[in-house]
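Next come the chains, spelled out residue by residue.
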Amino acid sequence: MQRRKLLGSTATALTSAVGVGLLSSCTVRREERKSTGGIPQVRWRMATSWPISLDTIYGGAETISQRVKALSGGNFQIKPYAAGEIVPGLEVLDAVQAGSVECGHTASYYYKGKNPSFAFGTSVPFGLTAQQQNAWLYEGGGIELLNQLFSDFGVISFPAGNTGAQMGGWFKEKLDGLQSLQGLKMRIPGLGGEVMAQLGVNVQVLPGGEVYLALDRGAIDAAEWTGPYDDEKLGFARAAKFYYYPGWWEPGPTLTALVNQKAWDELPPEYKAIFKTACYEANITMLSQYDTLNGSALQRLIQGGTELIPYDNKIMNAAKEAAYQLYEDIAAREQGFRKIFRQWKNFRREISAWNKINEFSFSNFIYKQ
């Protein structure tokens, strides 16, 4: 399916990249390449939702940029910009849709206000793990379903990063059951934010670069971001002591590359293949980096005084019940959401049954040792 098409086209892309590189080394002018059927130089801008300081998540955009340049022999280049340099971090979809930039790197659930189904493009509470999410996107029809949604905005999307299962957020005060969530001001986006709102939380949505100050100054009482490596960089441990887990709202969140459809249609086929390949590399690379870096970062946080606390079962059970009721409520009134939710739910049931046999049984044995 999508992955086989992508990988099958990679050889074509690489062959083309060599040819383009030779043309470049011979200093053939762009006009001459066009007249002889050559491939033109392309320069794109990429708006992102991330501060540069978060080298791993912003690194997804950099991976795309570096790989596109390398595979095209320098003839196709994309310059990434941090959140706020071109547009605010939560307005990347708007910029790509308007053509202000050709592409962007963001999380699709930031735009659930435009279409609640965009949440599935990142992660939904008690949903898919990173490996399951990739399976759904690449082989289970997920990319096709999401691009039906994005087509209404003149945009096409590609998976381009994954943080792996996230942590459950930083809290200034220790939670004492469900009642302690009432009126709590917490930064949490996506459908996870809607679930928390149903549990009494006053939900705030802030881009990464603004979260620390809000938490440190008391504008919010709690915040979630990704996991130990990024959270350490953002300094959350200096603003809050209690670090909860698991991040049940984001068990395997995908980051997304968005491309303006008109800009995409103007690309030569070889450049399209190169871009898809670069996004695929960004997706796998980011997940590998987070899995490598988070463990040691967590140990440093604990040694520095952070208190690691699991959510109690009452909160977990209430959140799960609220999440699936929320999905059913949205599906009842939104035909588009209903279509993607039913397909996603069937996929989740089948892959969960399989993973219970293979991965869960193995992990359950190993982690008890």
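Preceding this section is the structure that the text describes.
Residues numbered from 1 in each chain as written. Predicted model: local features only at pLDDT ≥ 70, side-chain atom pairs only at ≥ 80, totals over all residues. Heavy atoms only, no water.

Chemist: So what's going on with the side chain of S117? Residues and values would help.
Modeler: Mapped onto the fold, S117 is located in the loop between β3 (103-106) and α5 (130-139). Polar side-chain contacts of S117 include one of 3.4 Å to the backbone nitrogen of F337. Excluding anything up to four places from it in sequence, S117 contacts L146, L149, G336, F337 and I340. (Helix = DSSP H or I, 4+ residues; strand = E, 2+ residues; numbered from the N terminus. Polar contact = N/O pair within 3.5 Å; in protein donor to acceptor, adjacent residues only side chain to side chain. Contact = heavy atoms within 4.5 Å.)

Chemist: If you had to explain the layout of surface pockets to someone new, which residues and values would you point to?
Modeler: Within this model, the largest pocket holds a volume of roughly 840 Å³. Forming the walls of the largest pocket are 23 residues, and the residues nearest its centre are G127, T129, A165, P246 and P251. Those elements giving two or more residues to the lining of the largest pocket turn out to be α5, α13 (313-333) and α14 (335-366). A total of four residues in the lining of the largest pocket trace back to one element, the largest contributor, which is α14. Tallied by class, residues from the lining of the largest pocket come to 10 nonpolar, nine polar and four charged. By volume, the second largest pocket is sized at about 190 Å³. (1 Å grid on protein atoms, 1.4 Å probe; cavity = no way out; pocket = protein on both sides within 12 Å on 5 of 7 lines; lining within 4 Å. Points joined across faces, edges and corners; volume = space filled by probe spheres on them. Nonpolar A, V, L, I, M, F, W, Y, C, P; charged D, E, K, R; others polar.)

Chemist: Please set out the sheet that holds strand β5 (residues 170-171) residue by residue, giving values where relevant.
Modeler: Taken together, the six strands give an open sheet; going across it, the order is β7-β6-β8-β5-β9-β11, and neighbouring strands pair in mixed fashion. Of all strands in the sheet, those bounded by a partner on one side alone are β7 (202-204) and β11 (307-310). Both β5 and strand β8 (residues 222-223) contribute to a ladder of two bridges, which runs antiparallel. The residue bridging W170 from the neighbouring strand is A223, located in β8. (Pairing = 2+ DSSP bridges.)

Chemist: Describe the packing of α5 against helix α12 (residues 269-303), naming the residues involved and giving the relevant values.
Modeler: Closest axis-to-axis distance for the α5/α12 pair is 12 Å, and the angle between their directions is 170°. By the angle between their directions, the pair α5 and α12 is classed as roughly antiparallel. For the pair α5 and α12, contact is made by A130, N134 and Y138 and by Y280, N283, I284 and L287, respectively. For the contact of α5 with α12, the per-class residue count stands at five nonpolar, two polar and no charged. (Axes fitted to C-alpha atoms, helices over the stretch in contact; angles between N-to-C directions. Parallel < 35°, antiparallel > 145°, perpendicular 65-115°, else oblique.)

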